Each structure stands twice: as C-alpha cells, then as structure tokens.
Amino acid sequence: MALDGPKQDFKYIGTRPERPDGWDKVTGKARFGADFSMPGMLHGAILRSPHAHAKIIKIDATKALALKGVKAVVTRADFPEGLEGEDWNIQENVMAGEKALYDGHAVAAVAATSQLIARDALKLIEVEYEVLPHVTDVDKAMAEDAPVIREGAADYSVPEGMHPNVVRYMESGRGDLEKGFAEADLVIEESFTTEAAHQGYIEPHACVANLGADGKGDLWCCTQGHWFVRQMCTAVLGLEATQLRVTPSEIGGGFGGKTTVFIDPVALALSRKAGRPVKLVMSRSEVLRATGPTASASMDIKMGMTKEGKITAASGTFRMQGGAFPGAPVDVTTMLAFANYDIEHVHHVGYDVMTNRPKQAAYRAPGAPMGAFATESVLDELCRGLGLDPIETRLKNAVKEGTPATFGPKFPPVGLIETLEEARAHPNYSVKLGPNQGRGVASGYWMNWGGETSASVAIGDDGSVQVSIGTVDIGGSRASMALMAAEAFGIPYENVRVSIADTGSLGINEPTHGSRATFASGLAIIEASREATRKLCQRAADKWGIDADAVTWEDGCAKPSGPNAGEFDPLTIAEIAAEMGSTGGPISGHHESTPDGFGGSFGTHVVDVEVDPETGRTTILRYLVVQDAGKAIHPAYVEGQFQGGAVQGIGWTLNEEYIYGEDGRLQNPIFLDYRVPVASDLPMIDTVIVEVPNPGHPYGVRGVGETGITPPLPAIANAVRDAIGVRMKKLPLTPPRVLAAIKARD
Amino acid sequence: MSKIHVTTKVNGDEVEYLCEPRETLLDCLRDHLDLTGAKEGCGTGDCGACSVTMDGRLVCSCLVLGAEAQGKEIATIEGMAEDGALHPLQRKFIEHAALQCGICTPGILVAAKSLLEKNPDPTETEMRYWLAGNLCRCTGYDKIIRAVMDAAAEMREAS
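Residues numbered from 1 in each chain as written. Chains lettered and ligands numbered in written order. Predicted model: local features only at pLDDT ≥ 70, side-chain atom pairs only at ≥ 80, totals over all residues. Heavy atoms only, no water.

A. Here's a closer look at unusual backbone geometry. Residue Leu731(A) is joined to Pro732(A) through a cis peptide bond whose omega torsion reads -5 degrees. Mapping Pro732(A) onto the fold places it in the loop between α18 (712-724) and α19 (735-745). We note that Ala365(A) has phi near 55 degrees; this positive angle belongs to a residue other than glycine. Relative to the assigned elements, Ala365(A) resides in the loop between β15 (345-353) and α11 (368-386). We classify Ala365(A) as buried; its relative accessible area is 0%. Unusually for a residue other than glycine, Asp83(B) sits at a positive phi of about 50 degrees. Along the polypeptide, Asp83(B) turns up in the loop between β5 (73-75) and α2 (88-95). (Helix = DSSP H or I, 4+ residues; strand = E, 2+ residues; numbered from the N terminus. Buried < 20%, exposed > 50% of the residue type's maximum accessible area, 1.4 Å probe, protein only.)

See the structure below:
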C-alpha cells in the first residue's frame with residue numbers, strides 16, 4: 001500500500017480521554033461472557049478425564065439421561081468424522097475420541113435445566129478407562145522409552161530416527177559457527193528450562209449457543225476473535241460458515257488464550273441435540289486443566305564475545321512441549337532468540353514435542369519469553385565474565401534499520417537503541433543498591449502482526465460518526481479507535497462511537513492478537529474515514545457547483561481549496577450530514593486489507609530485586625519498562641500494556657508454574673496454588689514510551705501488547721544473579737529453589 | 001429437595017428469591033436477581049471478582065451461601081453510583097485508565113470502597129495489602145493503586 005509516510009502533527013492522537021466504555025465497566029453494566037442468557041436456556045457441564053493418558057473403552061450415560069431435568073448428553077459420537085489437520089486437532093481437543101490425552105480432557109457433556117442438575121448428571125456418566133503410561137516433561141517425552149502420545153502426528157520436517165513425540169523439527173542460521181566462536185575471548189554454554197504458565201485471564205471461558213436442526217445457529221461468547229470461533233466451530237461441527245453468527249461479549253482478559261475454542265463447539269452440539277439454547281461456563285480448575293497454558297521449554301545456549309563486547313557467534317537448541325498436539329511455538333522461539341543483536345554467525349535448532357498435557361494456546365508473544373530468558377541470561381554472564389556494562393554491551397550489538405536479522409530479512413526502522421539509551425538515562429539505572437539487592441537488564445522483541453482486517457465508518461444524521469470494527473476491545477482499544485477516527489475526520493473524540501460488529505455484520509477479521517488491533521483496525525479506520533471524507537467533499541462540491549478536486553477536508557469541514565475554487569463558507573460534517581438523504585443518500589466509508597507494514601517493537605527492562613537470604617524470597621524493589629510504541633495513540637493504555645506485560649512476566653519468573661504429580665494430574669488447578677502476582681507483591685511499574693514511527697502505518701503505530709512480557713524473565717533472573725551471585729537456570733525462581741542455590745553457594 | 005425462600009436487602013431494595021441450599025450468594029445475585037456485576041473468576045475465594053459487602057463487611061459472594069443472606073443487607077457494584085453520579089472511585093478508575101478488560105473492576109471497586117470506609121487515608125502499602133485478595137491480570141495494579149489513592153485524597157478533601 002502506498003503511504004505518504006506517518007503523519008507527525010496531531011490534534012487528538014496522544015491525548016488521554018476517558019474510554020468510551022468506561023461507565024459500563026465501572027458500574028457492572030458491561031456484559032461479559034457469562035452475563036448473557038436466553039429464554040428457554042439450558043445449562044451445560046463437561047465431564048473430564050481424571051487420567052493423563054487413557055484409552056476410553058466405554059461411555060454409558062443411561063443413568064445421567066434418566067435424571068430429571070437432563071435434556072441431552074453428547075460425546076465424540078455427536079461430532080462428524082473425517083476431519084484433518086488442525087480442524088481434527090481442535091475437534092479431538094474439545095471432545096476426546098479413542099483416548100483421553102491429558103488430565104482434564106473432555107470426554108462427555110450434559111445439558112440440563114439447571115447448572116446444579118448438569119453437574120449432578122456428570123457424576124452419573126460411567127466411563128470405563130484403560131489407563132496408559134504417560135509423560136508430561138519435554139525432555140522425557142523425547143527419550144527412547146517414552147510413551148507415544150499419537151503415532152503419525154509428526155510432519156515432513158522431522159528427520160528419521162526421532163521419537164514419534166517429536167512432531168516438528170526446524171533448523172536455521174547463517175555464517176560459520178566454528179569461526180565465530182574462535183574469534184571470541186569468552187564462550188559460555190548453559191542449559192535452561194521454563195515451566196508452562198497460564199494466561200490467567202480472570203474471566204473463565206463462557207458461551208451461549210443456539211443451533212437448530214436446520215444448521216443455522218447463533219453463538220454468544222467471550223473471545224479474542226469471533227471469526228476464528230466461527231471457522232473453528234463450523235469446521236468441527238460440519239456446518240456452513242455463514243450459517244453460524246458469532247457475537248462477541250465484552251472479554252475479561254485473553255492474552256492469546258481466547259484465540260481458539262474449547263467449549264463453544266460442545267455448547268453448539270448440546271444445543272443441536274437438545275433443541276434449546278445452552279449456556280456453558282468453565283470453572284477455574286477447568287480453565288487451568290483444560291485450556292491452553294503456554295509451552296514449557298528446555299534449551300541449550302552457546303554464545304561467544306570479544307573482550308570489547310562484540311558478540312561473535314550464537315547457537316541455541318530449543319525443545320518445547322505444547323501438550324498432546326503439535327503446535328508449541330518453537331518456530332517463534334528460534335526466530336526471536338537472538339533477534340536483538342547483529343550476529344554474523346548464528347544457528348538455531350527447534351523441536352516441537354507432544355506430551356500428556358493440555359493443548360497449548362498462544363500466550364502474549366508466544367514463544368519469545370522462553371528463548372529470551374535463556375539467551376539474555378547467557379549474554380549477562382558474558383558481560384560479567386568480561387567486566388562489561390550490560391547496556392553498553394547491548395548498544396554495541398543492537399540491531400537498527402538495515403541490520404540483517406538473525407531470522408533473515410533486514411530490519412526496517414526499529415527502536416532498540418533508543419530504548420537502551422532511555423533506560424541508561426533513567427534514574428532507576430543509577431540508584432545505589434544495598435546488601436542482598438541486585439539489578440538486572442534485558443531487552444526483548446516482538447515482530448507484531450497485521451492480519452485480515454475489515455472496518456466501516458458511517459456518518460450519523462447529526463454528523464457524529466459510527467465506527468464498526470471486528471477486533472474486540474480487550475484493553476481499552478475502543479478509545480484508540482475513536483481517537484484515530486476523530487483525528488481522521490477532525491471532529492471531537494466524543495462525537496465518535498465505536499462498535500464491535502458480529503460475524504454477520506462485517507467481513508472477516510482476525511482476532512485481537514499479535515498486537516495487531518490498534519495497528520490494523522486503526523489503519524482500516526483511517527482509510528475508511530478518508531473514503532468517507534472524500535464523499536463528504538463531493539457533496540460539498542455538488543452543492544457549490546465546483547469540482548470535487550477543489551474541495552479539501554480540514555478540521556471536520558469541507559472547504560474550497562485552490563485558486564479557482566471560489567469563495568464559499570466551509571460546510572461542517574453536521575451540515576452535510578443533515579442533508580445527505582436528499583443529496584445522494586447515506587455516507588459511509590469502508591476499508592479491508594491484510595496490512596503487512598506492521599513494525600516490530602523492541603523493549604528494554606531494568607529491574608532491582610532484593611533476595612531474602614533466610615527464605616529465598618525475591619522482592620521486586622523497582623521496575624522500569626522502556627518500549628517503542630511507534631506512536632502512542634492513547635498513552636495511558638500504552639503504559640498499561642507495558643505494565644501488564646511486565647507483571648505477567650514477573651509472575652512467570654517468580655511464582656507461576658504447572659505442577660504435575662507422578663500420576664500426571666495437575667496439582668495446582670486453583671488460583672490459591674497457581675499464584676499470579678497480587679497487588680502486595682509489587683511496586684509501581686515505571687514506564688518510558690519511545691516513539692520511532694512505523695512507516696507502515698498512517699500515524700506511525702506499532703503494536704505494543706506483547707513485547708512487554710519478553711524481557712522480564714531474563715531481567716529478573718539477571719537481577720537475582722546480581723543479588724546472590726548464582727545463575728538460576730530453571731524457572732520459576734521459587735523461594736525453595738533460590739534458597740537451595742544460596743545454600744549450595746555457601 | 002425443596003428450595004429456601006430468602007428475603008434480603010440488596011442495594012437498599014428489599015428482594016426475595018428461592019434458592020437451592022447449595023447455591024452461593026453469587027449464584028443468587030447473578031441468576032435469580034439478574035445482578036451480573038459481581039463475577040465468578042475462581043469460585044474458591046482467591047480472586048475477589050465476586051466481592052460484595054454483607055452488613056457492611058467485605059465478602060467473596062462465592063463463599064457465602066444464598067440462604068445466608070436472609071435478613072442481611074447486601075451492597076453490590078450496581079449500587080455504587082448514586083442518583084446517576086459515579087462514586088469518586090468509579091470516576092478515578094476511568095480517569096486513570098485503571099482498567100483494561102474490566103472483569104475485575106467491579107470487585108476491586110467494592111473492595112476499595114470498603115477500605116476507604118474503614119481507613120480514609122491508607123498508605124500505598126496498606127492499599128496493596130487490602131487489595132491483595134483481588135486479582136487483576138491486565139494492569140499490573142499500578143494504575144489501580146494510583147486511582148484509589150487519588151479518589152481517597154478527593155474524598156478526604158470533600159469530607
């Protein structure tokens with residue numbers, strides 16, 4: 001797409017108005033997934049496998065169906081056969097077929113007149129299992145004697161002779177590693193592991209489904225992407241895409257975990273069988289046991305550096321498990337592991353491995369934080385070994401416009417250097433540390449995403465503007481969308497209303513994922529607004545009897561422009577709108593595209609910690625996020641993304657992990673034991689917004705949502721290393737692990 | 001099993017409902033009274049999204065049985081704005097961008113109001129410990145704490 005280059009002078013962009021949906025969300029009026037009901041609605045519940053790996057011999061629902069109030073039971077037999085690829089994976093994940101593949105895997109579902117009856121009925125369904133050996137650890141799953149999750153799941157990329165649980169293999173790089181390591185004054189080689197962390201959205205998955213025997217249906221659900229839901233549900237159930245209309249509710253967090261389906265096809269199947277609407281709401285333990293956490297990882301890293309601080313070579317092997325299906329994001333891990341730096345000799349190897357765990361789902365910068373933890377930890381050790389400053393060393397190796405990325409193409413304009421310079425200049429970087437305290441630095445990257453996008457704007461009869469988009473508002477994006485429309489039309493922010501359209505009202509939109517909503521929907525709104533203002537100018541030209549080329553749009557008005565346009569008073573958008581019915585009909589603008597000018601976002605974090613030598617507990621003393629936003633449309637919500645990403649990273653580093661017992665069952669499926677950060681764990685999170693405009697967006701926007709979770713893992717580990725003098729290579733850094741490291745040191 | 005008839009006061013209005021002995025106050029508010037402002041995030045009292053007050057005491061409504069509300073006074077997020085005007089905490093949450101997705105917001109507002117009623121001038125640390133029972137996964141709490149501090153200051157000035 002030809003663009004004039006990002007706009008620089010703004011009237012509304014960069015201000016901090018109140019979000020349009022603020023009132024609804026502070027008064028309890030906003031309707032989230034579980035807040036919707038329909039007349040005649042039944043309630044569903046799902047029976048889940050208590051075994052990590054088991055053959056399903058028989059399911060007998062006779063007693064459940066005999067319970068008063070039970071209207072339908074579905075099993076895999078109620079879903080069509082013959083699906084392939086990811087459609088089959090999703091179908092198999094939402095309802096087990098021949099085998100239960102992990103603790104929590106759905107095996108049957110009930111619809112009844114109340115939720116209590118539905119839950120009672122689950123206890124009456126008799127399932128006969130033949131328990132099979134299981135494996136939940138990535139390294140063990142690759143070992144020769146590991147139980148096979150599913151024969152034939154591997155794709156063409158896996159070399160012969162590997163265990164059948166290795167389902168994808170990848171290798172990439174450039175240069176000559178041997179030569180590169182020979183040029184180094186110090187080479188360090190270490191191994192690291194990270195555990196699976198859950199997205200931890202506070203709103204469990206919820207939906208209401210209404211599917212008729214005629215194949216026409218409606219689904220109301222909390223999701224990051226309702227067209228994705230439509231595609232997946234119709235594929236899994238054998239329906240025609242447009243016969244299912246999906247309407248998104250307000251969404252109570254997603255972080256990637258709500259870009260796929262878990263319960264929606266089951267609710268639709270129950271509704272079809274019962275002939276009534278069915279509501280399904282997950283419990284928290286169902287969320288933790290049976291929706292996607294992120295992958296866990298096991299990694300070997302080798303890096304070499306000269307005594308001046310130049311990285312000479314880097315190599316990494318990344319093994320990741322994404323549960324009982326292919327899809328661990330190891331491709332992204334390998335792509336981004338060394339992406340911060342200009343490295344001539346670099347090599348990556350990746351393994352996607354299946355285990356008896358839930359199917360992983362995207363989690364904020366999927367794949368990036370694990371790799372960054374390993375590589376930025378080794379970089380920190382190199383700096384320590386050579387007596388170099390971590391920020392100066394990063395500046396020496398940082399990529400900039402024109403640098404060939406470790407994953408191939410040359411970087412367009414990016415802001416890594418700017419974030420490092422801002423971090424160095426920030427007061428946090430020079431605070432004097434006390435005993436048992438340490439400071440850590442790390443940088444991280446996310447490439448962002450464009451994705452299929454469709455948006456419309458329509459002029460109201462009073463000149464206010466209705467914006468219809470297809471990306472759900474997960475963190476205040478309605479405000480950013482309204483700001484961009486206000487800027488494009490030159491009308492007050494308050495005169496714009498933003499609606500999220502259902503799948504029956506707009507073309508396909510990818511989810512709010514990949515940090516794409518403000519970039520891609522914003523771009524579409526700006527282009528659609530420009531189309532609308534061209535039409536508004538045409539109406540003015542017609543009224544004035546002059547050529548449309550002689551009319552320009554400025555500050556919400558059509559104005560004559562150029563030497564021969566003539567003298568006319570400007571026509572406001574309200575004046576043109578008031579007459580539009582008699583001057584040619586409604587005025588609207590539309591734009592659809594798959595924009596590819598998404599600019600990546602770099603960030604640098606600086607964290608100070610104090611480690612209690614008696615208990616091994618790590619306290620975050622101060623935390624700084626510096627990140628490139630391209631252009632911050634609504635700076636308060638940009639800061640919010642920085643802060644939220646950092647704190648999720650703090651949780652992943654210090655507390656959060658999936659703990660499986662010897663029996664393969666998840667041992668911490670409630671928030672008491674799966675401990676996300678709480679207010680008393682944290683200080684304020686300091687932020688600096690860097691703005692290196694993205695040439696691929698009319699206003700210079702870069703996505704900001706995901707980068708922020710990439711640096712915290714290594715930054716905190718580096719700070720703990722600084723505090724206790726020991727390199728921690730296994731996440732999370734729980735007090736017992738840190739205490740053991742302190743004791744081993746002494 | 002027969003249902004229990006409960007008469008209680010919610011946000012100043014006398015209401016009644018029939019509930020199963022097993023149903024929680026949260027279930028009753030949401031399913032029988034159509035007050036869906038309180039949310040179920042965990043059902044185990046760990047997330048605080050269902051926070052309400054019962055006779056002035058902050059509780060997780062998922063840990064209270066519906067039958068226990070008999071004769072009590074319940075206050076929920078739906079009663080926080082009065083006469084069409086937002087409570088200072090509600091206004092400050094919008095002003096400070098203290099919510100992203102907004103699912104935890106009703107519970108946090110109810111909990112913060114309860115804190116300020118007990119202690120109109122809490123320190124940041126007191127605030128962080130009082131709100132430690134309310135999980136927010138989006139914001140990292142920074143803007144929430146700032147909004148509560150700002151609202152507290154405004155309320156002290158007004159009183």
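Don't stop here, the text continues.
B. Seen up close, the interface of chain B and chain A. Across the contact, 47 residues belong to chain B and 53 residues belong to chain A. Carbon and sulfur atoms make up 60% of the surface buried where chain B meets chain A, a total of about 4,200 Å² over both sides. When residues of chain B are sorted by the area they lose upon contact with chain A, Ile94(B), Gln100(B) and Arg137(B) head the list and together hold 20% of the total. Viewed at the interface, chain A and chain B are joined by five salt bridges. Here Lys39(B) and Asp35(A) are joined by a salt bridge, their closest N and O atoms 2.5 Å apart. At the junction of chain B with chain A, the criterion picks out 25 residue pairs in polar contact (both at pLDDT 80 or more). Elements represented by at least two residues in the side of chain B that touches chain A include exactly α2, α3 (105-118), α4 (124-130) and α5 (142-158) of chain B. Tallying contributions element by element places α5(B) first for the side of chain B that touches chain A, with five residues. Looking at the side of chain B that touches chain A residue by residue, the classes come out as 21 nonpolar, 11 polar and 15 charged. (Contact = heavy atoms within 4.5 Å. Buried area = accessible area lost by both parts, 1.4 Å probe. Salt bridge = Lys/Arg side-chain N within 4 Å of Asp/Glu carboxyl O. Polar contact = N/O pair within 3.5 Å; in protein donor to acceptor, adjacent residues only side chain to side chain. Nonpolar A, V, L, I, M, F, W, Y, C, P; charged D, E, K, R; others polar.)

C. Molecular detail of empty space enclosed by the protein. All names here are of chain A. Under the definition given, this model contains five cavities of 30 Å³ or more. Its volume calculated, the largest cavity comes out at about 70 Å³. Considering the residues around the largest cavity, the lining is formed by Leu 336, Ala 337, Asn 340, Ala 368, Ala 372, Thr 375, Glu 376, Ser 443, Gly 444, Tyr 445 and Thr 710. Residues of the lining of the largest cavity, tallied by class, amount to five nonpolar, five polar and one charged. (1 Å grid on protein atoms, 1.4 Å probe; cavity = no way out; pocket = protein on both sides within 12 Å on 5 of 7 lines; lining within 4 Å. Points joined across faces, edges and corners; volume = space filled by probe spheres on them.)

D. Spotlight on the nonpolar core. Grouped together as the largest cluster of nonpolar side chains are 178 residues, with contacts concentrated most on Leu219(A), Ile724(A) and Phe93(B). Looking at this core element by element, the count peaks at eight residues for α18(A). The contact partners of Ile724(A), leaving out residues within four places of it in the chain, are Val611(A), Val738(A), Ala741(A), Ile742(A) and Arg745(A). By size, the runner-up hydrophobic cluster in this structure holds 50 residues, among which are Ala455(A), Tyr493(A), Val551(A) and Trp553(A). (Core = buried A, V, L, I, M, F, W, Y, C linked by side-chain atoms within 4.5 Å.)

E. Fine view of the domain arrangement of chain B. All names here are of chain B. The domains assigned to chain B are domain 1 (4-79) and domain 2 (88-158). A C-alpha centroid distance of 22 Å is found between domain 1 and domain 2. Each partner contributes to the interface: domain 1 provides 13 residues, whereas domain 2 provides 13 residues. Connecting domain 1 to domain 2 are zero salt bridges. Viewed at the interface, domain 2 and domain 1 are joined by four residue pairs in polar contact (both at pLDDT 80 or more). (Domains from an automatic or database assignment.)

F. Looking closely at the sheet that holds strand β23 (residues 588-593) of chain A. All names here are of chain A. Across the sheet, four strands lie side by side as β19-β18-β17-β23; this open sheet has mixed pairing. Pairing within the sheet leaves two strands with one partner each, and these edge strands are β19 (496-500) and β23. Across the sheet, the mean angle separating the axes of adjacent strands is 15 degrees when strand polarity is ignored. Pairing analysis gives four bridges linking strand β17 (residues 453-459) to strand β18 (residues 465-469), with the strands arranged antiparallel. Bridge assignment links Ser 456 to a residue of β18, and that residue is Ser 468. The strands touched by helix α14 (residues 477-489) are β17, β18 and β19; relative to β19, the strand with the most contacts, the crossing angle is about 135 degrees. (Pairing = 2+ DSSP bridges. Axes fitted to C-alpha atoms, helices over the stretch in contact; angles between N-to-C directions.)

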